[in-house]
Amino acid sequence: MAKRIIENMLQLYYKLIRNVIWLIAFGFFFTGCAKLNVYKIHYNKDKQFYEYPLPGMAPAPLRTNSNELVTEENFEHFITELSNMNFRYPFDNRMELANSPKESDYYLASLYSRSVRLIKERHYENAMETLDELEKQYPGSILYSDLAFLKGYIDFQRGDHQEATKNFDDFLSFSSQKYSERFRNYRYADKNDVDWKQQRAYASDYLSGKPLLSNYEFLREIRPKYYFTNLQPGFTLSEEGLVEHSGGIYSVSLGTDLSSGFAGGLQYYRNLIRRVDINPEFTLSKNMWEIRMALPVQLYRSANNRFGIKVSPFGQYSKINSFKIDGQPVDMNESVYNFGVKTSMGFYLVQRLSIGAYYTYNFYNADRPFTGDSQLPDLWWENEYDVSLYIPILKGLNLKTGIKSDDWVAGFYLPGWEIGYNINEGNIYLRTQMY
């Protein structure tokens, strides 16, 4: 069990670190041409093309100089091209680098959604115009979505077999997936590429003159959605987060105790049932130890993820061994049960800018302190509010600036982690609260 926890924590921090250094890594490695080890090239029998493993990422489909997928038919040609380039492969030109959310992502998903709806309604001319606009706005859609298949299907329905043949052939030659990663929250929508493989079979049957399936289910209309970072104010786990963290998230807890001493511990976060999560936490310091349990609830989330409200009731048991008064430690043996609620909301003004706000209320606060032994000091936990702007730099990494309990702050927000600078106080703070 302990080994599993450590492995999960290492995976989480690896992902966080990977996101932080993404720009540096691609600037150094991918913007040039990375040298390939031919012995690491792998043939994916399921997808029928060759891939190359990348650290911390899914294997990358390999493409020729003309962007065709490398298959058994053109593998030798690909190796010849690679040899002529001294085995240096331009990843930046042959991968969908969608780690940074763009303002146009929502619009691209809207065009895709509209085209499928029009096809299902048999408005083929309007559907083709919509797909043409999608390809114009994002030429990469021919490589990283099923756009060519949808065009071929329209041509087939209209009786234009010459264009249908061309588009179905382009789909088989270039398309590596059904949904572009620019269609946010649909990265895992086509589980195990079931629809994409059915489309490949349909296109192959058409080109070879075989009878076509009549009971297909590959025409799926999607709903355009805003991309939000997991656990940011107003939101729990995203659609992608639920898949990637189905077994939960293990993380450390770092901060200070009631005496401003360093405290560290362990916490766990996972989804329980629809819209309800759980977040147990244990922390320990020189002066005290504490057990906390929070129950984050997605009270409301709009269908397009633009607006969310989250309520997180929590309870905690604190065993306090000592407490500092005027800088001097005072021995005490006090147990305190405290509870409260953290309420937060998030709203996307546009994809690249959102506002997030939260208020944390503690039962034992400055206005109602815990009074135990009359000879000992009163104890309380500070209520806190935060109203900030969030600017996504990469998936899972945001610039954050705003007001935190009357102080101006600025810094970075990652899932469950906040590293910032308190401008009023002139100090750096770290927060690892996940709920």
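Bear in mind the structure is a predicted one, so any value in this text is a computation, not a measurement.

Procedures and definitions
- Residues numbered from 1 in each chain as written.
- Predicted model: local features only at pLDDT ≥ 70, side-chain atom pairs only at ≥ 80, totals over all residues.
- Heavy atoms only, no water.
- pLDDT = per-residue confidence, 0-100.
- Contact = heavy atoms within 4.5 Å.
- 1 Å grid on protein atoms, 1.4 Å probe; cavity = no way out; pocket = protein on both sides within 12 Å on 5 of 7 lines; lining within 4 Å.
- Points joined across faces, edges and corners; volume = space filled by probe spheres on them.
- Helix = DSSP H or I, 4+ residues; strand = E, 2+ residues; numbered from the N terminus.
- Nonpolar A, V, L, I, M, F, W, Y, C, P; charged D, E, K, R; others polar.
- Pairing = 2+ DSSP bridges.
- Polar contact = N/O pair within 3.5 Å; in protein donor to acceptor, adjacent residues only side chain to side chain.
- Buried < 20%, exposed > 50% of the residue type's maximum accessible area, 1.4 Å probe, protein only.
- Axes fitted to C-alpha atoms, helices over the stretch in contact; angles between N-to-C directions.
- Parallel < 35°, antiparallel > 145°, perpendicular 65-115°, else oblique.
- Left-handed = near helix turned anticlockwise from the far one by under 90°.

Caption draft 1: Representation of the confidence of the model for the chain. Mean pLDDT over the chain stands at 91; residues scoring 70 or higher make up 92%. In the predicted structure, residues 21-29 sits below a pLDDT of 50 and forms 11 contacts with residues beyond four places in sequence or in another chain.

Caption draft 2: Quick peek at empty space enclosed by the protein. A full pass over the atoms with the stated rule returns 1 cavity of 30 Å³ or more. Around the largest cavity sit 18 residues that line it, and Lys342, Tyr358, Tyr413, Glu418 and Gln433 are the ones nearest its centre. At the level of secondary structure, the elements contributing two or more residues to the lining of the largest cavity comprise strand 12 (328-350) and strand 17 (417-422). Here the residues of the lining of the largest cavity sort into 8 nonpolar, 5 polar and 5 charged.

Caption draft 3: Structural context of the pairing of strand 15 (residues 397-404). Pairing of strand 14 (residues 384-394) with strand 15, which is carried by 8 bridges, proceeds in the antiparallel orientation. Paired with leucine 394 across the bridge in strand 15 is leucine 397. A loop of 2 residues connects strand 14 with strand 15, the two strands running antiparallel in sequence, and glycine 396 in this loop sits at a positive phi of about 90°. The loop that links strand 15 with its antiparallel partner strand 16 (residues 407-414) comprises 2 residues; one of these, serine 405, has a positive phi angle of about 50°.

Caption draft 4: Molecular detail of the environment of tyrosine 317. Residue position: tyrosine 317 is located in strand 11 (residues 307-325). Between the C-alpha atom of tyrosine 317 and that of valine 336, which follows or precedes it by 19 residues, the distance is 5.8 Å. One polar contact links tyrosine 317 to serine 335, side chain to side chain, over a distance of 2.9 Å.

Caption draft 5: The arrangement of the side chain of asparagine 338 in detail. Note that asparagine 338 resides in strand 12. The exposure class of asparagine 338 is buried, given its relative accessible area of 3%. There is a polar contact of 3.2 Å between the side chain of asparagine 338 and the side chain of asparagine 362. Within the structure, the side chain of asparagine 338 is placed 3.4 Å from the backbone nitrogen of phenylalanine 363, a separation counted as a polar contact. Discounting residues that sit within four places of it in the chain, asparagine 338 has contacts with Gly315, Gln316, Asn362, Phe363, Tyr364 and Trp381.

Caption draft 6: Layout of the packing of helix 5 (residues 105-120) against helix 8 (residues 147-158). Contact geometry for helix 5 and helix 8: axes closest at 11 Å, N-to-C directions at 25°. When the axes of helix 5 and helix 8 are compared, the pair comes out roughly parallel. As for how helix 5 packs across helix 8, the hand of that crossing is left-handed. For the pair helix 5 and helix 8, contact is made by Tyr112, Ser115, Val116 and Ile119 and by Leu150, Tyr153 and Ile154, respectively. Its residues assigned to classes, the contact of helix 5 with helix 8 comprises 6 nonpolar, 1 polar and no charged.

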